[in-house]
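These are the residues of each chain, in order.
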Amino acid sequence: MENKEKNFISAVIYVHNAENCISKFLKAIASVLEENFERSEIICVNDSSDDNSFNVIKTASESVTKTSISVVNMSYFHGLELAMNAGVDLSIGDFVFEFDNTVLDFDTYFIMDIYRRFLEGYDIVSASPAKKERLTSKAFYCIFNQFANLSYKISTESFRILSRRAINRISSMNKTILYRKAMYANCGLKTDNMKYPVKKGISNMTNIKERHYRTRLAVNSLILFTEVGYRFSMIMTMLMMLISVFTVAYTVITYCTSHPVKGWTTTILFLSVCFLGLFGIQTIIVRYLQLLVDMVFKRKHYSFESIEKLTK
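Residues numbered from 1 in each chain as written. Predicted model: local features only at pLDDT ≥ 70, side-chain atom pairs only at ≥ 80, totals over all residues. Heavy atoms only, no water.

End to end, helix α8 (residues 208-225) covers 25 Å across 18 residues, agreeing with the expected 26 Å (1.5 Å per residue, within 8%). By the burial criterion, the buried members of α8 are Glu210, Tyr213, Leu217, Ser221, Leu222, Leu224 and Phe225. (Helix = DSSP H or I, 4+ residues; strand = E, 2+ residues; numbered from the N terminus. Expected span 1.5 Å × (residues − 1). Buried < 20%, exposed > 50% of the residue type's maximum accessible area, 1.4 Å probe, protein only.)

What follows is the structure, given as structure tokens:
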């Protein structure tokens, strides 16, 4: 390719116990970058792998001639989000590719398809596999998209490209990015998603540590980025209100038509009011915490996509 792209490209790859596939993946990414870009770098974030991933990366990097390759060895297992944050913070490219795993289930030409789509005026373009999602993932994204106030619906993604403007805006919104996809969808910049055909016979295997991490991440994301907790509290409060009304009515009818044990009527009425008040206070507290999260964790004064100067 005679006319290579002038933009400096960074690629951040998440690596955890990937000794069986990182060599092929790294060489494929490096080949695409060297063929299409004059300057590029690859940052492999080794998230405390307890296999031979680091040595495999060193061996594979020997065949790469033009692209700079670095390895960030995390001191302990951080999980995908924090590990990728470390890699992106160290990147210096004009644009950054984020690869969330080392499963090469897509044709490498699709990387440049994403890049060319990105150049059409987007700040974030993600790539998703065109396959049926797992039941747990489908349920999570369904709940998340239903209760989160985001500019677009998020789904399973394998990799994405970001502009430096998008990275800077996310960093200004919050220094601790616990769930990147939610932050990207909430940054106010122009985004797009493209589907790629999945190669047959390739699967993404995760170990127990990663599965536990993803479960915790899903629960934390639903609490931080959605109103699931507040909605649940509201529903329980309304349900308790209906039960309390029914209990009060039943207590009054029982008191008027029969001869209950002395003190029974007062006790039941007191308990009904107390339980209703308890759920009401809980709802207020949950809402208060939700507001604190919005102001502190998801803090941003305003959000805009672009600025256009119409007159000189």
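Another aspect to go through is unusual backbone geometry. Even without being a glycine, Asn17 presents a positive backbone phi close to 50°. Positionally, Asn17 belongs in the loop between β1 (5-15) and α1 (22-36). The class of Asn17 is partly exposed, set by a relative accessible area of 26%. A positive phi angle is found at Ser48, which is not glycine, with a value near 50°. Among the residues examined, Ser48 registers a relative accessible area of 25% and is labelled partly exposed.

Within the fold, Ser128 resides in strand β5 (residues 124-129). Here Asn193 takes part through its side chain, which lies 2.8 Å from a polar atom of the side chain of Ser128. Contact partners of Ser128, with chain neighbours within four places excluded, come to Ser155, Thr156, Glu157, Asn193, Met194, Lys195 and Tyr196. (Polar contact = N/O pair within 3.5 Å; in protein donor to acceptor, adjacent residues only side chain to side chain. Contact = heavy atoms within 4.5 Å.)

With respect to the helices and strands, the residue Leu26 is situated in helix α1. For the pair Leu26 and Thr102, spaced 76 residues apart in the sequence, the C-alpha separation amounts to 8.1 Å. Ignoring any residue separated from it by four or fewer positions in sequence, one finds Leu26 in contact with Ile13, Ile42, Cys44, Ile57, Ala60, Ser61 and Ile69.

What follows concerns the packing of helix α5 (residues 135-147) against α8. Two elements in contact, α5 and α8, have axes separated by 10 Å at closest approach and are oriented at 10°. Compared by their axis directions, α5 and α8 come out roughly parallel. Taken together, the residues of α8 that come into contact with α5 (itself represented by Phe140, Ile143 and Phe144) are Ala218, Ser221, Leu222 and Phe225. (Axes fitted to C-alpha atoms, helices over the stretch in contact; angles between N-to-C directions. Parallel < 35°, antiparallel > 145°, perpendicular 65-115°, else oblique.)

The buried fraction of strand β6 (residues 159-163) amounts to five of the five residues, a majority that puts the element mostly inside the structure. Pairing geometry for strand β4 (residues 95-99) and β6, over five bridges, is antiparallel. Across the sheet, Phe97 pairs through a bridge with Ile161, a residue of β6. For β5 and β6, the ladder comprises four bridges, and the chain directions are antiparallel. In the strand pairing of β6, Val125 is matched with Ile161. (Pairing = 2+ DSSP bridges.)

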